[in-house]
Each structure stands twice: as structure tokens, then as C-alpha cells.
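# Coordinates in review
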Amino acid sequence: DRDPFAEFVTERLRAHPLISVEYGEVRDLPRDGHWIIATGPLTSGALADSIRAETGAESLAFFDAIAPIVYAESIDMSVAWLQSRYDKAGPGGTGADYINCPLTREEYDAFIAGLLAGEKTSFKEWEANTPYFDGCMPIEVMAERGVDTLRFGPMKPVGLDDPRTATPEFPNGRWPHAVVQLRQDTLAGDHYSLVGFQTQIKWGDQSRLLKMIPGLENAE
């Protein structure tokens, strides 16, 4: 969960012998040493002026990414299954740390078509020329780059064996055409977020599109 995680990081920083933590408004950039300014959207006017003077930039872009979160109990686990890619366990993981929803070629193509046709949130005038950050690019923007872009990106199926396709030759199952992965979002395990599914599609179309994904037909 976010709060215990934030508390853990804060306490580790406070306890580190080579780090000092000070609270208060920073109005000017330091004049010596090396530093990282990470002020987010709450930068004060004075600090913004200082950053502007140092960088020569009249404006800076603030990137955020919002991906859908669903109730775990609303995921159809007769279709989806638990597995990490190639069964690899990450830090603190088990090798079965993601819920995987498989798509056939036909289901994937229909999803991409719906994604491209979905109603998007329009940019404000001052946002129009803001570049996207590759690390959190909306899925509909990736889809516009080619029908297989998502299948080689956040929906890549490699290393994920659909147990429903198990045969004597492939006892663990075959890789689907594409996969949507969900990652546990709360310590209790009651919420899961869709991995790499940042989007600007409006809520009505977003909900309809997500229900096209096998295993998420009744997702809330």
C-alpha cells in the first residue's frame, strides 16, 4: 500500500548516515555541489523563477499517468491465471505475481479497433504541444503507431503460458496472441491495476473497452 511504502522510504532516508532531511520552503537553487530538483506540480513561484533562470526554459512539462484499477473479485479467474513472465520471481515475489488475461488474434484486433475509435479527453490549448514521456505513453497513442505495437509492448505474451491450452506437447500451455497483465495494487490484494494501460480515453468508452478483454467482462 502507498502509505506504508511511503513511510518505509521516509524512515530509511531519515536513518541514513549520509543523508540529512530538512523541511521548509526552498526558494533558490543551491550554488554548489550536485543536486536534483524534484518539486512536481507544487513548485512555488520563487523556485520556478530560479529554475527558469538556471535552465533558460520558459515552461516545463509535468508527466503523470493514470491506469485503470479493478476489484480483484470481479476478475474471472476461470479465464485469467496467475504467473510472472517466464515464472521469474521479482523482489519479494513468488513467480506468480501477475494476473494474466489472454487474447486471441481476433479479440486483440477488435480491442485495437475499439481503442482507436474510443473517445479521448481533449487537450487544453496550453497542453497541445506537450511531448509524451515514453515511460507512460497512453495505450491509444501506442496503438496509433501500428496494430502490433501494443502486442510488442505492454500486451506482449512472451513467457506466459495459458493453462487452458495445455497439451501433452505443451503441458504448461501455449503463449496467447496477446496478454493484458494486472498487478496487485493494495496490500490486501483486493485491487489490481492494469500494467502499462495509461489512457486518456473517457470513462464510458474506457469501461466498455476493458470489458472486451477476456476475464474482465464483468470487471468493476
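What you see is a predicted model; the values in this text were computed from it and never measured.

## Focus: the overall build of the protein chain
- A tally of regular secondary structure across the protein chain gives five helices and five strands.
- Along the protein chain, helices and strands appear, N-terminal first, in the series α-α-β-β-β-α-α-β-β-α.
- A principal-axis box enclosing the C-alpha atoms of the protein chain has dimensions of 65 × 45 × 30 Å.
- Residues classed as buried in the protein chain amount to 33% of the 220 residues present.
- The contacts of the protein chain with a sequence gap of at least 6 include a subset with a gap of at least 24, amounting to 60%.
- On the protein chain, roughly 14,500 Å² of surface is accessible, and the fraction owed to carbon and sulfur atoms is 55%.
- Where the 20 positive side-chain charges of the protein chain centre and where its 34 negative ones centre are 3 Å apart.

## Looking at the pattern of salt bridges
- The tally for this structure, following the rule as stated, stands at 10 salt bridges.
- Between Asp185 and Arg2 there is a salt bridge, and its shortest N-O distance comes to 3.2 Å. Of this pair, Asp185 sits in the loop between strand 4 (178–184) and strand 5 (191–194) while Arg2 sits in helix 1 (residues 2–15), placing them 183 residues apart in sequence.
- Judged by its relative accessible area of 56%, Arg2 falls in the exposed class.
- Salt bridges linked by common partners bring Asp49, Arg52 and Glu58 together as one network.

## Some remarks on a negative patch on the surface
- Taken together, the side chains of Asp1, Asp3, Glu7, Glu73, Asp190 and Glu220 present a region of like negative charge at the surface.
- Tracing the sequence through the fold places Glu220 in the segment after helix 5 (203–210).
- Of the residues examined, Glu220 reaches a relative accessible area of 61% and is grouped as exposed.

## Things to note about the pairing of strand 4
- In terms of burial, strand 4 is largely enclosed, as five of its seven residues are buried.
- Note: strand 3 (residues 98–103) against strand 4, six bridges, orientation antiparallel. Bridge pairing in strand 4 links Leu103 to Ala178.
- Bridging between strand 4 and strand 5 involves three bridges; their strand directions are antiparallel. Counted as the bridge partner of Gln184 is Tyr192 from strand 5.
- Linking strand 4 to strand 5, which pair antiparallel, is a turn of six residues; within it Gly189 sits at a positive phi near 80 degrees.

## Some words on a nonpolar patch on the surface
- A grouping of Phe5, Phe8, Val9, Leu13, Leu18, Ile19, Val21 and Tyr23 is seen on the molecular surface, where their side chains present a nonpolar patch of about 840 Å² in accessible area.
- With respect to the helices and strands, the residue Leu13 is situated in helix 1.
- Leu13 sits in the partly exposed class, given a relative accessible area of 39%.

## Details of the environment of His191
- Position of His191 relative to the elements: it lies in strand 5.
- A residue is classified by how much of its surface remains accessible, and His191, at 25% relative accessible area, is partly exposed.
- Distance from His191 to Phe8, taken between C-alpha atoms, is 21 Å for residues 183 residues apart in sequence.
- Those residues in contact with His191 that lie beyond four places of it in its chain are Ile69, Val70, Tyr71, Ala72, Arg183, Gln184, Asp185 and Thr186.

## Topic: the environment of Ala89
- With respect to the element layout, Ala89 can be found in the loop between strand 2 (81–82) and strand 3.
- Those residues in contact with Ala89, other than ones at most four positions away along the chain, are Thr94, Gly95 and Asp97.

## Looking at the pairing of strand 5
- For strand 1 (residues 69–71) and strand 5, the ladder comprises three bridges, and the chain directions are antiparallel. What sits directly across from Val70, in strand 5, is Tyr192.

## Details of the sheet that holds strand 3
- What the five strands build is an open sheet, ordered 1-5-4-3-2; its pairing is antiparallel. Single-partner strands in this sheet number two, and they are strand 1 and strand 2.
- Against the sheet, helix 3 (residues 105–117) makes contact with strand 3 and strand 4, and its axis sits at roughly 95 degrees relative to strand 3, the strand it touches most.

Analysis parameters
Residues numbered from 1 in each chain as written. Predicted model: local features only at pLDDT ≥ 70, side-chain atom pairs only at ≥ 80, totals over all residues. Heavy atoms only, no water. Helix = DSSP H or I, 4+ residues; strand = E, 2+ residues; numbered from the N terminus. Buried < 20%, exposed > 50% of the residue type's maximum accessible area, 1.4 Å probe, protein only. Contact = heavy atoms within 4.5 Å. Areas by Shrake-Rupley, 256 points an atom, 1.4 Å probe, with all protein chains shown as cover. Lys, Arg positive; Asp, Glu negative; His and termini not counted. Charge placed at Lys NZ, Arg CZ, Asp CG, Glu CD. Salt bridge = Lys/Arg side-chain N within 4 Å of Asp/Glu carboxyl O. Patch = residues over 30% accessible without salt bridge, like charges linked within 9 Å, V, L, I, M, F, W, Y side chains within 5 Å. Pairing = 2+ DSSP bridges. Axes fitted to C-alpha atoms, helices over the stretch in contact; angles between N-to-C directions.

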